[in-house]
Amino acid sequence: MMLGMLDKTEYEIMISTIKSLYEGWGEEFKYDEDIRNASLSAMLFMLLAKNKDWDTCPMIYFDKDKISQLLSIPDNEIPVLIITIGKMDKSSSKIRGYRKPDAEFVKFY
């Protein structure tokens, strides 16, 4: 199959094993796996955006039902986070407040 590394039997065994893992561990595992996949995808998206000089912010507090309806998200999909993206208005940026030096709360030995 893939690059000739697996024969058809090995491929079918692998697919069967993966399906039984994801289908056999229950709904909680599926939900947790969805969150892991969404988180990793979001992180990659945010890093790529920053590389292109865009600023992003992940948000988790939103009405999932309203977002699903607004964006016509199918019932079998759950929105787990929203990412805002934009350019910072540098003309109105404020100087960040005082930040403690690391030495005040971290000790290296």
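Residues numbered from 1 in each chain as written. Predicted model: local features only at pLDDT ≥ 70, side-chain atom pairs only at ≥ 80, totals over all residues. Heavy atoms only, no water.

**Student:** How should the UniProt feature "domain: Nitroreductase" (unreviewed entry) in the chain be read in this particular structure?
**Tutor:** Under the present numbering, the feature "domain: Nitroreductase" (unreviewed entry) in UniProt falls on residues 13-87. With 60% helix and 13% strand, the stretch residues 13-87 has end C-alpha atoms that lie 48 Å from each other. (UniProt positions renumbered as here; feature names shortened; annotations may be inferred. Helix = DSSP H or I, 4+ residues; strand = E, 2+ residues; numbered from the N terminus.)

**Student:** Would you mind showing me how to read the pattern of salt bridges here?
**Tutor:** Charged atoms that come close allow side chains of opposite charge to pair. Within this structure, the stated rule accounts for four salt bridges. Where Lys8 meets Glu12, a salt bridge forms, and the shortest distance between an N and an O atom there is 3.9 Å. Taken together, the residues span about one helical turn, with Lys8 and Glu12 both in helix α1 (residues 8-24) at a distance of four residues. Residue class for Lys8 comes out exposed when judged on its relative accessible area of 54%. One salt bridge connects Asp55 with Lys50, and the closest N-O pair in it is separated by 2.6 Å. Of the residues examined, Asp55 reaches a relative accessible area of 25% and is grouped as partly exposed. (Salt bridge = Lys/Arg side-chain N within 4 Å of Asp/Glu carboxyl O. Buried < 20%, exposed > 50% of the residue type's maximum accessible area, 1.4 Å probe, protein only.)

**Student:** I'm lost on the packing of aromatic side chains in this one. Help?
**Tutor:** In this description, an aromatic ring pair is defined by two values, namely the gap between the centres and the angle between the planes. This model, assessed by the stated rule, comprises one aromatic pair. Measuring from ring centre to ring centre gives 4.7 Å for Trp25 and Phe29, while their planes differ by 75°; the resulting arrangement is edge-to-face. Above the face of the Phe62 ring, Lys64 is positioned so that its terminal group lies 5.1 Å from the ring centre. The ring centre of Trp54 lies 4.7 Å from the NZ or CZ of Lys87, which sits over that ring. (Phe/Tyr/Trp six-rings, centres within 6.5 Å; stacked < 30°, edge-to-face > 60°. Lys NZ or Arg CZ within 6 Å of the ring centre and 35° of its normal.)

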